[in-house]
Structure formats: C-alpha cells, structure tokens
Amino acid sequence: LLGIRPLFESFGEAAQGAALFLASLSRRQRELAIAIIDGLPAKQIGRRMGLTEQSVHTYTKRLYARVGVRTRAEFTALCHAKGVRGMFKPADDAT
C-alpha cells in the first residue's frame, strides 16, 4: 500500500473505506469494478477493456471471489456500502 497514504488522506473519513477497497484491487480489477458499477453489460465491458465477453465473465467471477460476493447485485451492494458507488459518474460509452 506504499503510495496509497496520500490518496487515503485526501478523502474524507466516509470515503476512506472506498479508497482502501479500491487500493486493494489491481488496476484492471478497478477498471472492471467501475464498469460493473456503471451497469455495463459484459459485451460493452469487453469492448471497453479489449477483452472477449467470456474473459469478462471469467475476470468478473475472480473479482467477486476476491471480495467475497457471488452476484452483480451483491457486488454493487458491497460497493455501495463501502462508498465506492458515489465516487464515479456513470460511463459515457457511446461506442
């Protein structure tokens, strides 16, 4: 978590849990998490990330296992509880 401290301190107390949660994910996992939070379907996530739809499903399952959830609804609820959902605007994916 080296280098995370300035990021952590830049958030208010309510958002620190979200910052730590996001810091625990790799860059690609954060990208996937944001796309899921944005409500994008796997096909659009794949286009955005340069992955096949099947790879998106595989990486999503791994992300869910890492954070201890089984469904998109559980993941979204977890992100909401940690304050992550409010940190991002909906994606403007016109492609």
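Right above here is the structure, for reference.
Residues numbered from 1 in each chain as written. Predicted model: local features only at pLDDT ≥ 70, side-chain atom pairs only at ≥ 80, totals over all residues. Heavy atoms only, no water.

Summarise the overall build of the protein; cite the residues concerned and give the values.
Scanning the protein from N- to C-terminus turns up six helices and zero strands. Of the regular secondary structure in the protein, the N- to C-terminal order runs α-α-α-α-α-α. Within the protein, counting contacts between residues at least 6 apart in sequence, those at least 24 apart form 58% of the total. Total accessible area on the protein stands at roughly 6100 Å², and carbon and sulfur atoms take up 55% of it. (Helix = DSSP H or I, 4+ residues; strand = E, 2+ residues; numbered from the N terminus. Contact = heavy atoms within 4.5 Å. Areas by Shrake-Rupley, 256 points an atom, 1.4 Å probe, with all protein chains shown as cover.)

Break down the nonpolar core for me, citing the residues and quoting the values.
F21, L32, I36, I45, L63, F75 and V84 are the most contacted members of the largest nonpolar core, which has 22 residues in total. Residue assignment for this core shows that the elements contributing at least two residues are α2 (13-23), α3 (27-37), α4 (42-49), α5 (53-67) and α6 (72-81). Top element by residues in this core is α3. It accounts for five residues. Among residues more than four places away in sequence, those in contact with V84 are A18, F21, L22, I37 and C79. (Core = buried A, V, L, I, M, F, W, Y, C linked by side-chain atoms within 4.5 Å. Buried < 20%, exposed > 50% of the residue type's maximum accessible area, 1.4 Å probe, protein only.)

An account of the packing of aromatic side chains is requested, with residue identities and associated values reported.
Taken as a whole and judged by the stated rule, the model has one aromatic pair. On the basis of an interplanar angle of 35° and a centroid distance of 5.5 Å, the ring pair of Y64 and F75 is categorised as tilted. In this pair, Y64 sits in helix α5 while F75 sits in helix α6, placing the two residues 11 residues apart along the sequence. In terms of burial, Y64 and F75 fall into one category: buried. (Phe/Tyr/Trp six-rings, centres within 6.5 Å; stacked < 30°, edge-to-face > 60°.)

Could you give an account of the pattern of salt bridges, with specific residues and numbers?
Counting across every chain of the model gives three salt bridges. Between R27 and E31 there is a salt bridge; the shortest N-O distance is 3.6 Å. Of the two residues, R27 and E31 both sit in helix α3, four residues apart, roughly one turn of that helix. You can call R27 exposed: its relative accessible area is 55%. Accessibility expressed as a relative area gives 23% for E31, which makes it partly exposed. Because the salt bridges share partners, they merge into one network encompassing R27, R28 and E31. (Salt bridge = Lys/Arg side-chain N within 4 Å of Asp/Glu carboxyl O.)

Outline α6, supporting the account with residue identities and numerical values.
Within α6, burial applies to F75, T76, L78 and C79. Buried residues of α6, seen end-on, are gathered within an arc of 160° and therefore sit on one face of the element. Across α6 from its buried face, at more than 90 degrees, point the exposed residues A73, H80 and A81. One or two positions beyond α6, positive phi appears at G83, with a value near 85°. (Arc of directions from axis to C-beta.)

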